[in-house]
Amino acid sequence: MPKTSIAAYVYGRVQGVGFRYATQQKAKELELTGFTRNLDDGSVEVVACGEQQAIDALLDWLKQGGPQHAKVDKVLSEPKAVADYSGFSIRH
């Protein structure tokens, strides 16, 4: 299957609640590569690369609110050029 890549921006109460760690675990479970990081505006960026079905599953998970203490208000996503990431990391 061809790989695809997206950048997603998650808004709401998503910093300081374990969101990046939970996103990393979910992405690894879905065999996606890429990274997640906090942005200065209080949102979280998620860049994911892999099979479309797995990316769709990650987007659904993000839209459903992610980890227990997070509160997601909205998720915006856009296509991104496919890059060769090794694993899925948390960036600071």
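Only a predicted model underlies this, so the values are computations on that prediction, with no experimental measurement involved.

1. What to know about the UniProt feature "domain: Acylphosphatase-like" (unreviewed entry) in the protein
According to UniProt, the "domain: Acylphosphatase-like" (unreviewed entry) feature falls on residues 5-92. Summarising residues 5-92: 26% helix, 40% strand, and an end-to-end C-alpha distance of 21 Å.

2. Observations regarding the environment of A81
Here A81 is to be found in the loop between β4 (71-79) and β5 (88-91). Sequence spacing of A81 and T4 is 77 residues, and the spatial spacing of their C-alpha atoms is 7.8 Å.

3. Points about the UniProt feature "active site" (unreviewed entry) in the protein
The feature "active site" (unreviewed entry), as given by UniProt, occupies R20 and N38 in the numbering adopted here. On the basis of their most widely separated C-alpha atoms, the annotated residues across 19 residues gather in one place, lying no more than 7.8 Å apart. By secondary structure assignment, the location of R20 is in helix α1 (residues 19-29). The contacts of R20, once residues within four sequence positions are left out, are T36, R37, N38, V44, I90, R91 and H92. Among the structural elements, N38 can be located in strand β2 (residues 33-38). Here N38 falls in the partly exposed class, since its relative accessible area comes to 28%. When sequence neighbours within four positions are dropped, the list of residues in contact with N38 reads Q15, R20, S43 and V44. A distance of 3.5 Å separates a polar atom in the side chain of N38 from a polar atom in the side chain of R20.

4. Thoughts on the sheet that holds strand β1 (residues 4-13)
Across a sheet, strands are paired by hydrogen bonds formed along the backbone, either parallel or antiparallel in direction. Here we have 5 strands laid out as an open sheet, ordered β4-β1-β3-β2-β5, and mixed in their pairing. Each edge of the sheet is formed by a strand with only one pairing partner; in this case those strands are β4 and β5. This sheet shows a mean twist of 15° between the axes of neighbouring strands, independent of strand direction. Sheet topology note: the β2/strand β3 (residues 44-50) ladder contains 6 bridges and is antiparallel. Within the sheet, the bridge partner assigned to T33 lies in β3 and is C49. Against the sheet, α1 makes contact with β1, β2, β3, β4 and β5, and its axis sits at roughly 170° relative to β5, the strand it touches most. The sheet strands contacting helix α2 (residues 52-63) are β1, β3 and β4, and the helix crosses β1 at an angle near 5°.

About the criteria used
Residues numbered from 1 in each chain as written. Predicted model: local features only at pLDDT ≥ 70, side-chain atom pairs only at ≥ 80, totals over all residues. Heavy atoms only, no water. UniProt positions renumbered as here; feature names shortened; annotations may be inferred. Helix = DSSP H or I, 4+ residues; strand = E, 2+ residues; numbered from the N terminus. Contact = heavy atoms within 4.5 Å. Buried < 20%, exposed > 50% of the residue type's maximum accessible area, 1.4 Å probe, protein only. Polar contact = N/O pair within 3.5 Å; in protein donor to acceptor, adjacent residues only side chain to side chain. Pairing = 2+ DSSP bridges. Axes fitted to C-alpha atoms, helices over the stretch in contact; angles between N-to-C directions.

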